[in-house]
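# Commentary on secondary and tertiary structure
For reference, the chains in residue letters:
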Number of protein chains: 2
Amino acid sequence: MNRDVPLKKYAKKMEHSYAMGAFPTIELLKHQPEHVLKVLLHPDMNSQAQMEIISGLCTQHGIPLERNGKAVEKLRDKENIFAVGVFEKYSNVLEPEKNHIVLVNPSDMGNMGTIIRTSIGFGIENLAIIEPGVDVFNPKVVRASMGSLFQLNFCYFKSFEEYKEQAGSRSLYPFMLKGAVPLQELQREKGETYSLIFGNEATGLPDSFADEGQSVVIRHTDHIDSLNLALATGIGIYEFTR
Amino acid sequence: MNRDVPLKKYAKKMEHSYAMGAFPTIELLKHQPEHVLKVLLHPDMNSQAQMEIISGLCTQHGIPLERNGKAVEKLRDKENIFAVGVFEKYSNVLEPEKNHIVLVNPSDMGNMGTIIRTSIGFGIENLAIIEPGVDVFNPKVVRASMGSLFQLNFCYFKSFEEYKEQAGSRSLYPFMLKGAVPLQELQREKGETYSLIFGNEATGLPDSFADEGQSVVIRHTDHIDSLNLALATGIGIYEFTR
């Protein structure tokens, strides 16, 4: 494990990334300690409690803890960030017997982080991303997820077909403005394994998804064009896990 | 009406603000035409359909339409913005017989816009903001709301006490991590008028709100600290308007 990676601003092609802020860094240390290269602390960090948690976890897992104000200032995009967890990117596989969220061509990093946080919050821990899609390791996604990314199984797929081949037997629920059944009225089999499928922020799912399983619509007034993607996903997850 | 306001970047103290982008500008023209000072178009705007809607609405309401690429470039924060609606700020009052959303000290502009969009989408058109709270006229809020702000009745209050005095008789539902009843199990009277109350992004509602009406919790796993505010609000609105 090469811990001496160049501490440059994040770019997608890099093999490491950053958890910015004490809370996401603690989540990183708790859930993915084997992938943490080091933790950087800024001398202005003043939460003694958070510092002790970070330092305890670093000691426990043999992770270097560095006082390096300069590097933190260079990497952070907000002035109130005093801790940065540096980690090597990792990959994992989806659990075929579990429920999944499938995002087809998601493009907004804030939405992606919020969706991950909500998904973990309601117990869905597997996320499929159909390419092209936003990079989950971008520090903006990590931060919007409040570090819950580190509890997620996620996997990128070249196409929805490729996803289906690997996903195992399950019910598919594409969420579409033209969905056949309103979410509020959906009848489901108890104990079924499912995938909730959502399209891109601007374009939604292609019409062809109407033939994939049971299409669903979240009914709203015609005073708005559509719901925000993170909101639609959150409401879908809430309803399916009630 | 002085239409010749200085076309400077938005600041809270200004008496006018901006709808950035064709879609929010069209919403502005449709719902608040009497407050529009002018519309600025960038010569690179290439959606003929949107241009015709904007120009039709401007003609109908006697609003000047200006080709002014320089001003658009100065005001916009994203390169894909080619239309800017310049409007004077306005105030309105809440409808006492309608359902309300109450945000206590909201601090994030993106969340605020998303909450407005969701609220309008599910038919709740009255929003109370307890100060200090984010400025709804900030162009970032307008944009995150996709222009649905222009369909909203909103009002700022110095305190929750002041809000209650003016809100009329209604049921209060503060959403709190320590809420007494899970949202999923809440029993309500049919046809009641209600207010859904949400706290600040970082701190939530003060404990004292447990005594205001029926406190509610959105149950989630302990794998996350809390839900994102816009998500919690959206799920609350969805459940109350099902």
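Keep in mind that this is a model prediction, so the values were computed, not measured. (Residues numbered from 1 in each chain as written. Chains lettered and ligands numbered in written order. Predicted model: local features only at pLDDT ≥ 70, side-chain atom pairs only at ≥ 80, totals over all residues. Heavy atoms only, no water.)

## Some thoughts on the pattern of salt bridges
- Throughout the structure, instances matching the rule amount to 22 salt bridges over all chains.
- Residues Asp-207 of chain A and Lys-178 of chain A are paired through a salt bridge, measuring 3.1 Å at the closest nitrogen-oxygen approach. Remark: Lys-178 of chain A occurs in the loop between β8 (171–174) and β9 (181–182) and Asp-207 of chain A occurs in the loop between β10 (194–198) and β11 (216–217); sequence separation between them is 29 residues.
- Look at Lys-178 of chain A and you get exposed, because its relative accessible area is 63%.
- For the salt bridge of Arg-188 of chain A with Glu-192 of chain A, the shortest nitrogen-to-oxygen distance reads 2.9 Å.
- A relative accessible area of 32% means that Arg-188 of chain A is categorised as partly exposed.
- Glu-192 of chain A sits in the buried class, given a relative accessible area of 15%.
- Three or more residues joined by partner-sharing salt bridges are found here, namely Glu-239 and Arg-242 of chain A together with Glu-239 and Arg-242 of chain B. (Salt bridge = Lys/Arg side-chain N within 4 Å of Asp/Glu carboxyl O. Helix = DSSP H or I, 4+ residues; strand = E, 2+ residues; numbered from the N terminus. Buried < 20%, exposed > 50% of the residue type's maximum accessible area, 1.4 Å probe, protein only.)

## Here we look at the relation of the copies chain B and chain A
- Rotating chain B by 180 degrees about the axis while translating it 0.0 Å along that axis superimposes it on chain A, leaving an RMSD of 0.0 Å. Classification of the inter-copy transformation places it as that of a two-fold axis.
- The share of interface residues of chain B whose copies in chain A are also at the interface is 100%, consistent with both copies meeting through the same surface. (Least-squares fit on C-alpha atoms with pLDDT ≥ 70 in both. Contact = heavy atoms within 4.5 Å.)

## Observations regarding the environment of Gln-50 of chain A
- Position of Gln-50 of chain A among the secondary structure elements: in helix α2 (residues 48–61).
- Once the C-alpha coordinates of Gln-50 of chain A and Ala-22 of chain A are considered, the two residues, 28 residues apart in sequence, prove to be 6.6 Å apart.

## What to know about the sheet that holds strand β2 (residues 36–41) of chain B
All names here are of chain B.
- Strand order in the open sheet formed by four strands is β1-β4-β2-β3, with mixed pairing between adjacent strands. Both edges of this open sheet fall to β1 (16–20) and β3 (65–67), since each of them pairs with a single strand only. Within the sheet, the average angular offset between the axes of one strand and its neighbour, ignoring direction, is 25 degrees.
- Inspection of the sheet shows β1 paired to strand β4 (residues 83–88) by five bridges, in the antiparallel sense. Along β4, the bridge assignment pairs Ser-17 with Phe-87.
- Relative to β4, helix α1 (residues 22–31) is tilted by about 35 degrees, and along the sheet it contacts β1, β2 and β4.
- Strands β2, β3 and β4 of the sheet are contacted by helix α2 (residues 48–61), whose axis makes an angle of about 135 degrees with β3. (Pairing = 2+ DSSP bridges. Axes fitted to C-alpha atoms, helices over the stretch in contact; angles between N-to-C directions.)

## Considering the packing of aromatic side chains
- Counted under the stated rule, the structure contains 27 aromatic pairs over all chains.
- On the basis of an interplanar angle of 55 degrees and a centroid distance of 5.7 Å, the ring pair of Phe-87 of chain B and Phe-137 of chain B is categorised as tilted. Here the residue Phe-87 of chain B occupies a position in strand β4, and Phe-137 of chain B occupies one in the loop between β6 (126–130) and α5 (139–144), the gap between them amounting to 50 residues.
- By the ring-pair criterion, three or more aromatic residues cluster together here, those being Phe-87, Tyr-90, Phe-137, Phe-150 and Phe-154 of chain A. (Phe/Tyr/Trp six-rings, centres within 6.5 Å; stacked < 30°, edge-to-face > 60°.)

## Observations regarding the interface of chain B and chain A
- Facing 31 residues of chain B, the contacting portion of chain A comprises 31 residues.
- For the pairing of chain B and chain A, the buried interface totals around 2,600 Å² over both sides, and the portion due to carbon and sulfur atoms is 60%.
- At the surface where chain B touches chain A, the tally comes to two salt bridges.
- We note a salt bridge from Glu-239 of chain B to Arg-242 of chain A, for which the minimum N-O separation is 2.4 Å.
- Between the two partners, chain B and chain A, sit 16 residue pairs in polar contact (both at pLDDT 80 or more).
- At the level of secondary structure, the elements contributing two or more residues to the side of chain B that touches chain A comprise α1, α4 (109–121) and α7 (229–240) of chain B.
- A total of six residues in the side of chain B that touches chain A trace back to one element, the largest contributor, which is α7 of chain B.
- Residue composition of the side of chain B that touches chain A, grouped by class: 11 nonpolar, 13 polar and seven charged. (Buried area = accessible area lost by both parts, 1.4 Å probe. Polar contact = N/O pair within 3.5 Å; in protein donor to acceptor, adjacent residues only side chain to side chain. Nonpolar A, V, L, I, M, F, W, Y, C, P; charged D, E, K, R; others polar.)

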